[in-house]
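Here are the chains, one letter per residue:
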Amino acid sequence: MNSDLTTVTVHAKAMRTAFHDTTLILTLPAAIAASPAAVLAHLDELNPGVLAAACTEDTVDRISDIQVLDVLSVHTARRPTAQRKERHDGA
């Protein structure tokens, strides 16, 4: 048995990036509708709830870039008292 190994429970903050293929029906001024760059700028200014509602599990195209942002806590699993005594006694 390797005494250098310890079982821990890690509580972490993580982020994953999901790419969605979604469709929005918008009413736009003709000048904006004529330019993909202007439409993109308009989408950037939309209420975040509009895009959030359009991005569902059904519209996920792919997921990438899963990243751990922070480790919030680490808890070491403790052995029951009987096992600790045996180890202390050299068993």
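Structure shown above.
Everything numeric in this text was worked out from a predicted model, so none of it was measured.

Student: Before we move on, can you summarise the overall build of the chain with the specific residues and values?
Tutor: Helices and strands together make up the secondary structure of the chain, namely four helices and two strands. Going from the N terminus to the C terminus, the chain shows its helices and strands as β-α-α-α-β-α. Going through the 91 residues of the chain one by one, you find that 3% of them count as buried. By sequence separation, contacts in the chain at least 24 residues apart represent 82% of the contacts at least 6 residues apart. Entry remark: accessible area of the chain is about 7,800 Å², with carbon and sulfur atoms responsible for 55%.

Student: Could you give an account of the environment of Thr59, with specific residues and numbers?
Tutor: Relative to the elements of secondary structure, Thr59 occurs in the loop between helix H3 (48–54) and strand E2 (60–76). By relative accessible area, which is 15% here, Thr59 ends up buried. Along the primary structure Thr59 and Thr22 are separated by 37 residues, whereas in three dimensions their C-alpha atoms are 5.8 Å apart. Within the structure, Thr59 has its side chain in polar contact with the backbone oxygen of Thr56 (distance 3.0 Å).

Student: Could you give an account of the side chain of Thr59, naming the residues involved and the relevant values?
Tutor: A polar contact of 2.7 Å, which involves the side chain of Thr59, links it to the side chain of His20. Excluding its chain neighbours within four sequence positions, the residues that come into contact with Thr59 are Phe19, His20, Asp21, Thr22 and Ala54.

Student: Can you lay out the environment of Ile63 for me, pointing to particular residues and giving the numbers?
Tutor: Relative to the helices and strands, Ile63 resides in strand E2. Put simply, Ile63 and Arg16 are 47 residues apart on the chain and 7.1 Å apart in space, counted from C-alpha to C-alpha. Setting aside chain neighbours within four positions, we find Ile63 in contact with Arg16, Thr17 and Ala18.

Student: How would you explain the environment of Ser73 if you had to name every residue and give the values?
Tutor: Take Ser73: it is sitting in strand E2. Residue classification places Ser73 among the partly exposed residues on the basis of a relative accessible area of 23%. Expressed as a C-alpha distance, the spacing of Ser73 and Ala12, which sit 61 residues apart in the sequence, is 7.1 Å. Filtering out sequence-adjacent residues up to four positions away, Ser73 remains in contact with Thr9, Val10 and His11. A polar side-chain atom of Ser73 sits 3.4 Å from a polar atom in the side chain of His75.

Student: How would you summarise unusual backbone geometry if you had to cite specific residues and measurements?
Tutor: Positive phi values are uncommon outside glycine, yet Asp65 reaches one of about 55°. Along the chain, Asp65 falls in strand E2.

Cut-offs and rules
- Residues numbered from 1 in each chain as written.
- Predicted model: local features only at pLDDT ≥ 70, side-chain atom pairs only at ≥ 80, totals over all residues.
- Heavy atoms only, no water.
- Helix = DSSP H or I, 4+ residues; strand = E, 2+ residues; numbered from the N terminus.
- Buried < 20%, exposed > 50% of the residue type's maximum accessible area, 1.4 Å probe, protein only.
- Contact = heavy atoms within 4.5 Å.
- Areas by Shrake-Rupley, 256 points an atom, 1.4 Å probe, with all protein chains shown as cover.
- Polar contact = N/O pair within 3.5 Å; in protein donor to acceptor, adjacent residues only side chain to side chain.

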